[in-house]
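# Observations on chain architecture
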Amino acid sequence: MDNQWAVSASGLAKRFGDRRVVDGVDIAVPTGAVYGVLGPNGAGKTTTLRMLLGIIEPDEGHRTLLGHAHPRDASDLVGYLPEERGLYPAMKARDAIIFMGALRGLDRATGRARAGELLDQAGLGHAADTKIRKLSKGMAQLVQLLGSVVHRPKLLVLDEPFSGLDPVNQERLEALILGERDRGATILFSTHVMAHAERLCDRLAIIAGGQRRFEGTVDEARGTLRSRVRYRPRDPERASPDLLPADAVREGEDWRFVLPDEGIEPVLGRLLAAGAGIMNLSIERPSLHEAFVRIVGEPVEEKAA
Amino acid sequence: MSRTRRLLRQTMTIARRDFVATVFTPIFLLFLFAPLIMVAFSTIGAMGAAQAADHGADHVRIVAIVPNAVAGAFVEADKRARIVFRRDEEPPALAILSPSGEPAAQARKTFESGDYDATAVLYGPLDRPTILYGPRGTRAADYLAVLASSALSAERLGGELPRVEATKVPFSRQRATLGGQNQTAFLAVFGVFFLTLFLAGQVVGTMAEERSNKVIEVLAAAVPLEAVFLGKLLGMFGVAVLFIGFWGTVLGQVTSVLPPAFSGMVGELSPAVGLPMFTLLFVTYFTMAYLLLGSVFLTIGAQASTMREIQMLSLPITIVQVGMFTLTLSGLSKPDSWLAVIAEVFPLSSPFAMAGMAAASDSLWPHAVALAWQALWVAIFVTMGARLFRRGVLQSGSVRPFWRRKGA
């Protein structure tokens, strides 16, 4: 078993009818990492995750899950929170967690003990014997999440885990993800909310139009865009556009432009020599959000026939 | 853990959930006691009808208009003849009238009597009596003729018929009677059909719950769909066994509620393979019939996306079951015919036909072959159901069978 990668896939493709929803995605999730799959709605994130887990079979490509060529063989080592949450409404919260653990091979006695602990830790101890149909949507979602970790999986796959949660529960979920990472689990989750990815991900892949557009760390993603400079001269009359880069745009008293390849120093030298001075200067690194928008907005690369 | 053990564990996890979710609900009590409700209404109706019938029967008489000299012989003949009848099958009570006036007119007048309802009236000389009878009175008329014959014989033998002191010794035949075997075969087929008709159809809607509340995604990610299908089938089979066990126990304890005709029928069961083996085979074939029909219904029901579609399936499902029953009965009436062979080989009718065969033939090896054949088809139906569901509902291609997978 190759311990370096918890998940690896190459050339995954899936067609629904005439539409190719996943079109040759490669992915490699390092063991022990928190790995994000980012993409706009309909990008193919969920289909990719479902193929990785063996819920559906790819039309093309290969994947391994925890070293197993067939994901089913590793199913007891995996926890999964699907995008479309689903629990039996007539089940009690504790029983739902025990059942989900039992599906993954956890014996019922251990499942019962852990379910109580997990519910208490999540602040849901009072709802242990409450039927799912009587819980709020957010509480039910947390119960399902607890059910997906009760068997202490080596790999935790979460599809849009933050959707539908209020900010308090989003923080709880982030803490739970980091807790699972600290326990030694690998986390693979999909989202289109950049803030979560920026805070949690060690690495990420950006998928759009069924294709992987980027793979790397958050910093590397942000690095795909050049930093932007915001400059306010002390003497606006002397800050001639000729002294600034060609893309400089005036916004009130400020000038904004992309940080030149040669750095900011030559520009500042020219401005100081001309007596424009510096009232204010900031170099802003692009956010993941901006990088995402730029990456996703790129035209799809045409594949050779 | 081996793949087989894991599949078994996953199957039983699903089965347990379905069993518990079905049994621990108020609706299950309604389901469990549905026969009681049916029996209660039937009993009330039957009691009312029986009371009305008894009330009428109390007033029905067969009448013999005979001279006083032979009245005693007539009464004695009635006593002798009556003992061969069961209580509820006895002819109406005998009334003796002395001749007065014109016999034919007296007999006709007897039907108008306000004291009783005459169903047949005998008059005239005993060697050539005339018997008038009313509607449904032909058997009563025959009975009066038999009494006349006995009374005449007694009269000619000096007033009394010779007494015969018979020694009755119960005897159990070693070989089942042909009539008993046929009756047992029919009962076996009908029993399997009756139980599966009421119980197997429930399987059709079981996947609807998972589809409607999205749990199917959780299940499909954790366990193979084959385990989901088989688990659901076994869970519902557990419910059926609980139902049958409950009512079997109740009926076993309260045999007095069974009608005498039924008790007699049970006593005449004479399967060719012997009663213990027949019981075992009957239970096994019911299991196979449930699993075979249930797996087909589950497969079809899993494709339905709404409750309306599932409800619409109930009629074709019933027709399929009745069709299998009819096919089997046709084969049963002509053993060794091609129809019988088809019924025994066709997977959905095979359990019915083989249950019938257990009653009619003492060979055991065909049952071993049939059970293996039926188990194979259960596996085929479950696998097909899972694949159709994966393709149609999960929109996936099929999983490669494990023997065609490359090693990890």
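Quick caveat: nothing in here was measured; it's all calculated off a predicted structure.

### So, the overall build of chain B
When helices and strands are counted, chain B shows 17 helices and four strands. Buried positions account for 34% of the 408 residues belonging to chain B. Within chain B, contacts between residues separated by at least 24 positions form 75% of all contacts whose residues are at least 6 apart in sequence.

### Focus: the environment of A248(A)
Residues and elements named next belong to chain A. Inspection of the secondary structure puts A248 in the loop between β10 (228-232) and β11 (249-251). With 31 residues separating them in the primary sequence, A248 and T217 have C-alpha atoms 30 Å apart. Apart from the residues within four sequence positions on either side, A248 is in contact with P241, W255, R256 and F257.

### Here's the deal with the interface of chain B and chain A
The interface is formed by 24 residues belonging to chain B together with 28 residues belonging to chain A. Elements that contribute at least two residues to the side of chain B that touches chain A include exactly α1 (3-23) and α9 (215-222) of chain B. Ranked by residues supplied to the side of chain B that touches chain A, first place goes to α9(B) with six residues.

### Section: the domain arrangement of chain A
According to the domain assignment, chain A consists of domain 1 (5-222) and domain 2 (228-285). Each of domain 1 of chain A and domain 2 of chain A was reduced to a C-alpha centroid, and the two centroids are 46 Å apart.

### Considering the sheet that holds strand β12 (residues 254-258) of chain A
Residue and element names in this part refer to chain A. Taken in spatial order, the four strands of this open sheet run β11-β12-β10-β13, and their pairing is antiparallel. Looking at the sheet topology across the chains shown, the edges are occupied by β11 and β13 (280-284). With direction set aside, neighbouring strand axes in the sheet form an average angle of 20°. As defined by bridge partners, β10 adjoins β12 across four bridges and the pair is classed as antiparallel. Looking at β12, one finds that R230 is bridged to R256.

### Here's the deal with the domain arrangement of chain B
Per the domain assignment, the segments of chain B are domain 1 (60-156) and domain 2 (178-251 + 261-404). The C-alpha centroid of domain 2 of chain B is placed 56 Å from the C-alpha centroid of domain 1 of chain B.

### Structural notes on the sheet that holds strand β9 (residues 211-216) of chain A
All names here are of chain A. Strand order in the open sheet formed by six strands is β5-β6-β7-β3-β8-β9, with mixed pairing between adjacent strands. Edge positions in the sheet fall to β5 (78-81) and β9, since each has one partner strand and no second. Each neighbouring strand pair of the sheet contributes to a mean axis angle of 15°, computed without reference to strand direction. Here five bridges tie strand β6 (residues 155-159) to strand β7 (residues 186-191), and the two strands are oriented parallel to one another. From the neighbouring strand, L156 faces β7, where its bridge partner is I187. Of the strands in this sheet, β5 and β6 touch helix α4 (residues 137-149), which is tilted by about 165° from β5.

### A word on helix α17 (residues 365-392) of chain B
Turn by turn, an α-helix covers 3.6 residues, leaving residues three or four places apart pointing in a common direction. All names here are of chain B. With 28 residues, α17 ought to run about 40 Å at 1.5 Å a step, and its terminal C-alpha atoms sit 40 Å apart, in line with that. The complete set of buried residues in α17 reads H367, A370, Q374, V378, F381, V382, G385, A386, F389 and R390. Tucked inside the fold, the buried residues of α17 contact α10 (225-253), α12 (275-303), α15 (338-345) and α16 (350-360).

### With respect to the packing of helix α14 (residues 314-333) of chain B against α15(B)
Residues and elements named next belong to chain B. For the pair α14 and α15, the least separation of the axes is 7 Å and the interaxial angle reads 135°. Here α14 is positioned oblique relative to α15, judged by the angle of their axes. Considering the relative orientation of α14 and α15, their crossing is left-handed. Listed contacts from α15 to L327, T328, S330 and G331 of α14 are L339, A340, I342 and A343.

Conventions we followed
Residues numbered from 1 in each chain as written. Chains lettered and ligands numbered in written order. Predicted model: local features only at pLDDT ≥ 70, side-chain atom pairs only at ≥ 80, totals over all residues. Helix = DSSP H or I, 4+ residues; strand = E, 2+ residues; numbered from the N terminus. Buried ≥ 20, exposed ≤ 12 C-beta atoms within 10 Å, placed from the backbone. Contact = placed C-beta atoms within 7 Å. Domains from an automatic or database assignment. Pairing = 2+ DSSP bridges. Axes fitted to C-alpha atoms, helices over the stretch in contact; angles between N-to-C directions. Expected span 1.5 Å × (residues − 1). Parallel < 35°, antiparallel > 145°, perpendicular 65-115°, else oblique. Left-handed = near helix turned anticlockwise from the far one by under 90°.

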